[in-house]
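# Architecture and fold: a report
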Amino acid sequence: MESPVPHEPPIYRRIADRLRQAIATGEFRDGDRLPGENALMSEYGIARATARQALAVLINEGMAVPRRGSGVYVRQFRPIRRHGSRRLSREQWGAGKAIWDSDTTGRPYTVDDLTITREAAADDAARVLGCDEVWVRRRRYSVDGRAVQLAASHFPAELVTQSPITAEDTGPGGVYARLRDLGHAPAHFTEEVRARMPTPEEAAKLGLPAGTPVIEVCRSAYASGGMAVELNKMIMDGASYVLQYDFDA
């Protein structure tokens, strides 16, 4: 009895596999334009719909991004390894270092789209911080020129008003060092993590290809007496991060 012939994947998936391999081997690098529909149709003798399917596989995997009227381009990025405890250690911000220095380990990063406003506390901020008004620092982070995270830090208004936390430049060590200066240094953190699809605004600000999820992290910071001093809501490009947490058994 003859062995059954293994089922061969559809042609569009085989083409996607070849393009993926070409990216992996460096034939196509970050920012390079991939062969378009016409080129794939000519090379493989396929219909336009099949060529479009092949490119859509890479787009949906986050390996490529379409640019209207231009084509489909490679979107490679070395993931950021975010070490949950190391980045928040007192040794980091207490020594005047930015938390992001721990995340990026020398890679260039920028902060833009910064706004600092005093506003009524939303339900989650009011519940965690126990106040009616908050100062909110909203910003966007980019690494190697690619937007990777949106963040909105909420602080009790009465605690931080007239402190550098409400200024554009918070100084060495960032907001946690300034909370220490106010006598409320963070002593304990709690993070909740979940994955979801982005809102249209989030996708636009992060430049996310269709089908790319985000990681939502909500972090609460508490001073030694148990007082909540910050609620930080972060939205991360799910294709750009590895989240690392270490635990003792």
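Residues numbered from 1 in each chain as written. Predicted model: local features only at pLDDT ≥ 70, side-chain atom pairs only at ≥ 80, totals over all residues. Heavy atoms only, no water.

## Section: the packing of helix 2 (residues 37-44) against helix 3 (residues 48-60)
Under the convention used in this document: Between N-to-C directions, angles cover 0 to 180 degrees, with each direction set by a line fitted to C-alpha atoms, over the stretch in contact for helices. Note on conventions: DSSP H or I runs of at least 4 residues are helices, E runs of at least 2 residues are strands, and numbering of each starts at the N terminus. For classification purposes, an angle smaller than 35 degrees is called roughly parallel, one larger than 145 roughly antiparallel, one from 65 to 115 roughly perpendicular, and anything else oblique. Take the far helix as the reference: if the near one is turned anticlockwise from it by less than a right angle, the crossing is left-handed, and if turned clockwise, right-handed. We call two residues contacting when some pair of their heavy atoms lies within 4.5 Å. Residues are grouped as follows: Ala, Val, Leu, Ile, Met, Phe, Trp, Tyr, Cys and Pro are nonpolar; Asp, Glu, Lys and Arg are charged; all remaining types, including Gly, are polar.
The N-to-C vectors of helix 2 and helix 3 enclose an angle of 115 degrees; their axes lie 9 Å apart at closest approach. Taken as axis vectors, helix 2 and helix 3 run roughly perpendicular relative to one another. Between helix 2 and helix 3 the crossing geometry is right-handed. Side by side, helix 2 and helix 3 meet where Glu37, Asn38, Leu40 and Met41 of the first sit next to Arg48, Ala51, Arg52 and Leu55 of the second. Looking at the contact of helix 2 with helix 3, its residues break down into four nonpolar, one polar and three charged.

## Remarks on helix 3
Condition: In this scheme, a helix's expected span is set at 1.5 Å multiplied by one less than its residue total. Buried means the residue's accessible area, taken with a 1.4 Å probe over protein chains only, is under 20% of the maximum for its type, while exposed means over 50%, and partly exposed covers the values in between.
Taking 1.5 Å as the rise per residue, helix 3 with 13 residues should run 18 Å; its terminal C-alpha atoms sit 18 Å apart, in good agreement. For helix 3, every residue scored as buried is listed here: Thr50, Ala51, Ala54, Leu55, Val57, Leu58 and Ile59. Lining the buried residues of helix 3 we find helix 1 (11-24), helix 2, strand 1 (64-67) and strand 2 (71-74). Just past helix 3, the residue Gly62 takes up positive phi, approximately 80 degrees.

## A closer look at the environment of Gly225
Relative to the elements of secondary structure, Gly225 occurs in the loop between strand 8 (214-223) and strand 9 (228-237). Along the backbone, Gly225 and Leu88 are 137 residues apart, and their C-alpha atoms lie at a distance of 18 Å.

## Brief notes about the nonpolar core
Formally: Here, nonpolar core refers to any group of buried Ala, Val, Leu, Ile, Met, Phe, Trp, Tyr and Cys residues whose side-chain atoms link them within 4.5 Å.
Phe28 and Leu34 are the most contacted members of the largest nonpolar core, which totals 19 residues. Those elements giving two or more residues to this core turn out to be helix 1, helix 3 and strand 2. Beyond its immediate sequence surroundings of up to four residues, Leu34 is in contact with Ile23, Phe28, Leu58, Ala64, Val72, Tyr73 and Val74. Within the second largest apolar cluster, 17 residues are counted, among which are Trp135, Leu159, Tyr176 and Val229.

## Describing the sheet that holds strand 6 (residues 146-156)
Where we set the bar: Each pair of strands is called paired provided DSSP finds at least two bridges between the two strands.
Strand order in the open sheet formed by six strands is 4-5-6-9-8-7, and the pairing between neighbours is antiparallel. With one partner strand each, in any of the chains shown, strand 4 (109-120) and strand 7 (186-196) form the two edges of the open sheet. In this sheet, adjacent strand axes meet at a mean angle of 15 degrees when their direction is disregarded. For strand 5 (residues 133-143) and strand 6, the ladder comprises ten bridges, and the chain directions are antiparallel. Each bridged residue has a counterpart across the sheet, and for Val143 the counterpart in strand 6 is Arg146. Along the sheet, helix 8 (residues 174-181) makes contact with strand 5, strand 6, strand 7, strand 8 and strand 9, crossing strand 7 at roughly 150 degrees.

## Considerations on the side chain of Glu216
Along the chain, Glu216 turns up in strand 8. The buried category is assigned to Glu216, whose relative accessible area is 14%.

## Here's the deal with a nonpolar patch on the surface
The line we're drawing: Surface patches are drawn from residues lacking salt bridges whose relative accessible area is over 30%; two like charges belong together within 9 Å, two nonpolar side chains (Val, Leu, Ile, Met, Phe, Trp, Tyr) within 5 Å. To be clear on the numbers: accessible area is Shrake-Rupley with a 1.4 Å probe, and residue cover counts the displayed protein chains and nothing else. Only one rule defines a salt bridge in this text: a Lys or Arg side-chain nitrogen within 4 Å of an Asp or Glu carboxyl oxygen.
Together, Val193, Tyr245 and Phe247 make up a nonpolar patch on the protein surface, roughly 340 Å² of accessible area in all. Mapped onto the secondary structure, Val193 falls in strand 7. Taking the relative accessible area as the measure of exposure, Val193 reaches 43% and is therefore partly exposed.

## A look at the packing of aromatic side chains
To keep it simple, the criterion reads: Here a Phe, Tyr or Trp ring, Trp counted by its six-membered ring, pairs with any other such ring whose centre lies within 6.5 Å, and the pair is stacked when the planes are under 30 degrees apart, edge-to-face when over 60, and tilted otherwise. The rule for a charge over a ring is simple: NZ of Lys or CZ of Arg within 6 Å of the ring centre, and within 35 degrees of the ring normal.
One pass over the structure, following the stated rule, counts four aromatic pairs. Taking the centre distance of 5.9 Å and the plane angle of 35 degrees together, the rings of Trp100 and Tyr109 count as tilted. These aromatic residues form a ring-pair network of at least three members: Trp93, Tyr176 and Phe189. One cation-aromatic arrangement involves Arg67 over Tyr73; the distance from NZ or CZ to the ring centre is 4.1 Å.

## Some thoughts on the packing of helix 1 against helix 3
Relative to each other, helix 1 and helix 3 sit at 45 degrees, their axes nearing to 8 Å. For the element pair helix 1 / helix 3, the angle class is oblique. Crossing angle aside, the handedness with which helix 1 passes helix 3 is right-handed. Of the residues in helix 3, those in contact with Ile11, Tyr12, Arg13, Ile15, Ala16, Leu19, Arg20 and Ile23 of helix 1 are Thr50, Gln53, Ala54, Leu55, Val57 and Leu58.

## Things to note about the state of the cysteines
Heads up, the rule is: The disulfide definition used here is simple: a pair of cysteine sulfur atoms within 2.5 Å.
Taken as a whole, this structure holds zero disulfides when the rule is applied. Its sulfur unpaired, Cys131 is 16 Å from the next cysteine sulfur, which belongs to Cys218. A relative accessible area of 15% places Cys131 in the buried class.

Read these as layout, nothing more, since geometry by itself doesn't imply function.
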